[in-house]
Amino acid sequence: MKVVDLTQMLAGPFATMMLADHGAEVVKIESVEGEMSRLAQPCRPEDVEHLFPGYFVSVNRNKRSIALNLKSEASREIVRKLVADADVVVENFRSGVMDRLGLSFDILRADNPKLVYASIRGFGDAAGGCSPLQDWPAFDVVAQAMGGMMGITGPDENTPTKVGPGVGDTIPAMHCAFGILAAVHHARNTGRGQYVDISMLDSILAVCERIIHQYSIQGYVAGPEGNHHPVGTPFGLFPASDGWIAIGAHKDDFWRRLCNALDVPELADRPGFLTTAERGVNKRAVQQAVSEVTKNFSKAELTRRLGAIVPYGPVLNSAEIMEHPHFRARDMIVPIEYPGIDRPIETVGVPVKLSDTPGGIHRRAPRHGEHTAEVLRELGMDDLTIRGLAESGAIVMPPTDWIEAAEAEKASRKALQKETVK
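Quick summary incoming for the structure in this document.

1. Brief notes about the sheet that holds strand 8 (residues 243-248)
On the basis of which strands lie adjacent, the open sheet formed by three strands has the order 7-8-9 and antiparallel pairing. With one partner strand each, in any of the chains shown, strand 7 (235-240) and strand 9 (312-314) form the two edges of the open sheet. Geometrically, the sheet is characterised by an average inter-axis angle of 25 degrees between neighbouring strands, direction not taken into account. When strand 8 meets strand 9, the two strands line up antiparallel, connected through three bridges. Directly across from I247, in strand 9, lies its bridge partner Y312. Along the sheet, helix 13 (residues 283-294) makes contact with strand 7 and strand 8, crossing strand 7 at roughly 35 degrees.

This is the structure in C-alpha cells:
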C-alpha cells in the first residue's frame, strides 16, 4: 500500500506510522523548514544539529522523507505525481488549506479514482458533517476537554484532569488508520476511493461512550471518578509502601482470593463486604480497608502475593517499564541506530502482533528531506532536473555525504572515550 503523508505533529504521523509498521510504503512530505515536531526536545547531546528529536523519531519510523515548498507550482506538481499511483493520502492541515493549494480530494481523485483521502482535524471536515466549530484550531488538550474525557477523569468531582499521554491525538490516529484500511479494502473491490473524515473530538467521545447512554437512560451526568470504579469495588488504585498498585477484584471469587492472599481472610466475611452488591454500597469502606492492608507491603511483595491470583498490576514508571520482562519479551522496547548518535534510541514497538505478516520497525525515522532525490528519481526525474528544483527552492535535500560524516564523527567520539578510559 502506497501512502502519501502530509501530516505533522502527533495525530497524523501516528496514523501513518501504524500503516508503515505493517508494510505500507509511506512517503512523508515535509515543508522546507521541516515538520514541526522536529523542533521538539529531547535530543541526544551529540546530536548538535538537532536532526533526530525523540518526539519526531518515535512516530516517524519506517517512512521516507521528502522536503517540498508547497507554495511552488513545481512542488505541488510533484505531489500530484506521487498521488497518481498512491492508494492513500493523509493530511491534518486546518480546513481549507489543501483546497487553497489545489490539492483537494476532488482534484486528486480526478487523477486517481481509487484514491483514499484521509484527514484528521479538531472538529472534522465538511465531508462528514459541517461543524459550527470547523475552523477552530485544536490540539490534544482541546479534544480531551470537549470530547468528554476530562469530564470523567480526576481525583474528585470538582477536579477534571487531563489524561497523561496525548490520547486526543493518538485515539483519532487509530480511528484514522482503521478508516483508511476499510476504505482501501472497498477501493480494491470496487475501484472507487473515498474521503475518510476524522474529528479529534468525535474520536474521544467514541471511547467515552458510556457517558452518553448513562445520560440517555438515567439522566445521569458522569463526573470524575477518581482512581476507582463508580460501581464495582475493589477496582482501582491502592497504596503500596513504595508506590501504587492496581487491583480489579470486584467479583466475589476474586474478592475472597484477594483477602486470602493478603492474609486477611476475615475481611472477606465482614458485614457489608460479603457480596458484590454489598461492596458496591459500601465501596468507600472497602477501599479504605484494602488500602490499610496494601500500604504495609512493597510493590514487589504485592506482586509476589497477588500476581496471577487476581487481576493485578503495579503502577510502573518509564524506567520500570524499560526493565520489565513482559515488554522485552513482547518486543515492545526496540533500539534503533541513528547516524551520528552514539547509542541506539529506544522507542515503543508494534503492539499488533500478526502471526503470518508481522509488523516491525525496519527503518529509522528519516532526516529532513533525506529521500527527496531518491523519490524524485522514482518519478522519472533526472539529476539535472532535481538539481534545478533544489536551486529554485522548490525542494530541500541534505548533503549527500551526511551519513558518512555523522558516522565518522561518532567513531571519533568513541575512540576518544576509549583513550580517556585508558
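Having seen it, we continue.
2. A few points about the sheet that holds strand 4 (residues 88-91)
As summarised here, the arrangement of the seven strands in space is 6-5-4-1-2-3-12, forming an open sheet in which the pairing is mixed. Each end of this open sheet is capped by a strand with a single partner; those strands are strand 6 (195-199) and strand 12 (395-396). Two strands pair when backbone bridges link them, and strand 4 and strand 5 (residues 116-121) are joined in this way by four bridges, in the parallel orientation. Its bridge partner being in strand 5, V90 is matched across the sheet by A118. In this fold helix 3 (residues 73-84) packs onto strand 1 (2-6), strand 2 (25-30), strand 3 (63-68), strand 4 and strand 12, with an angle of close to 150 degrees to the strand it touches most, strand 3.

3. Points about helix 3
Taking 1.5 Å of rise per residue, 12 residues should cover 16 Å, and helix 3 covers 16 Å from first to last C-alpha, within 8% of that figure. When helix 3 is considered as a whole, its buried residues turn out to be S75, R76, I78, V79, L82 and V83. Buried residues of helix 3 fall within an arc of 150 degrees about the axis and therefore sit on the same side. Its side-chain oxygen 3.2 Å from the backbone nitrogen of A74, S72 forms the N-cap of helix 3.

4. Overview of unusual backbone geometry
With omega at 5 degrees, the peptide bond leading from Q41 into P42 counts as cis. Secondary-structure assignment places P42 in the loop between strand 2 and helix 2 (54-59). Positive phi, normally seen in glycine, also occurs at D263, with a value near 65 degrees. When you line up the elements, D263 lands in the loop between helix 10 (252-261) and helix 11 (265-268). Accessibility expressed as a relative area gives 51% for D263, which makes it exposed. We note that A308 has phi near 70 degrees; this positive angle belongs to a residue other than glycine.

5. Some words on the side chain of T294
Relative to the helices and strands, T294 resides in helix 13. Here T294 falls in the buried class, since its relative accessible area comes to 0%. Sequence-distant contacts of T294, defined by excluding residues within four places in its chain, comprise F238, P239, A240, S241, I245, I247, L262 and L302.

6. Details of the nonpolar core
Across soluble globular proteins, nonpolar side chains show a tendency to be buried alongside one another. Of all hydrophobic cores here, the largest spans 38 residues; its most connected members are V3, V88, V90, V116, I120, C176 and I180. Put simply, the parts of the chain that give this core at least two residues each are helix 1 (11-21), strand 4, strand 5, helix 7 (167-190), strand 6 and helix 8 (200-207). Setting aside anything within four residues of it in sequence, one finds I180 in contact with L19, V88, V90, V116, A118 and V196. Listed in part, the 31 residues of the second largest apolar core include V4, F93, L101 and L389.

7. What about the pairing of strand 8?
The pairing of strand 7 with strand 8 spans six bridges and is antiparallel. Each residue of the ladder has a partner; that of P239, found in strand 8, is W244.

8. Quick word on the packing of aromatic side chains
For the structure on display, the rule yields seven aromatic pairs. Look at F52 and Y338: their rings are 4.8 Å apart centre to centre, the planes differ by 50 degrees, and that puts the pair in the tilted class. Residue F52 is found in the loop between strand 2 and helix 2, and its partner Y338 is found in the loop between strand 10 (333-336) and strand 11 (345-348); the two are separated by 286 residues along the sequence. Like Y338, F52 is buried. Centre to centre, the rings of W255 and F273 are 6.2 Å apart; their planes meet at 75 degrees, and the pair counts as edge-to-face. Residue W255 is located in helix 10, and its partner F273 is located in the loop between helix 11 and helix 12 (276-281); the two are separated by 18 residues in the primary sequence. Per residue, the accessibility class of W255 equals that of F273, and both read buried. For the cation-ring pair, R367 lies above W402, with the distance from its terminal atom to the ring centre recorded as 4.9 Å.

9. Comments concerning the packing of helix 7 against helix 8
Relative to each other, helix 7 and helix 8 sit at 90 degrees, their axes nearing to 8 Å. Relative to helix 8, the element helix 7 lies roughly perpendicular. Of the residues in helix 8, those touching helix 7 at V167, G168, D169, I171, P172 and H175 are M200, S203, I204, A206 and V207. In terms of residue class, the contact of helix 7 with helix 8 is made up of seven nonpolar, three polar and one charged.

Thresholds, definitions, all that
- Residues numbered from 1 in each chain as written.
- Predicted model: local features only at pLDDT ≥ 70, side-chain atom pairs only at ≥ 80, totals over all residues.
- Heavy atoms only, no water.
- Pairing = 2+ DSSP bridges.
- Helix = DSSP H or I, 4+ residues; strand = E, 2+ residues; numbered from the N terminus.
- Axes fitted to C-alpha atoms, helices over the stretch in contact; angles between N-to-C directions.
- Contact = heavy atoms within 4.5 Å.
- Expected span 1.5 Å × (residues − 1).
- Buried < 20%, exposed > 50% of the residue type's maximum accessible area, 1.4 Å probe, protein only.
- Arc of directions from axis to C-beta.
- Polar contact = N/O pair within 3.5 Å; in protein donor to acceptor, adjacent residues only side chain to side chain.
- Core = buried A, V, L, I, M, F, W, Y, C linked by side-chain atoms within 4.5 Å.
- Phe/Tyr/Trp six-rings, centres within 6.5 Å; stacked < 30°, edge-to-face > 60°.
- Lys NZ or Arg CZ within 6 Å of the ring centre and 35° of its normal.
- Parallel < 35°, antiparallel > 145°, perpendicular 65-115°, else oblique.
- Nonpolar A, V, L, I, M, F, W, Y, C, P; charged D, E, K, R; others polar.

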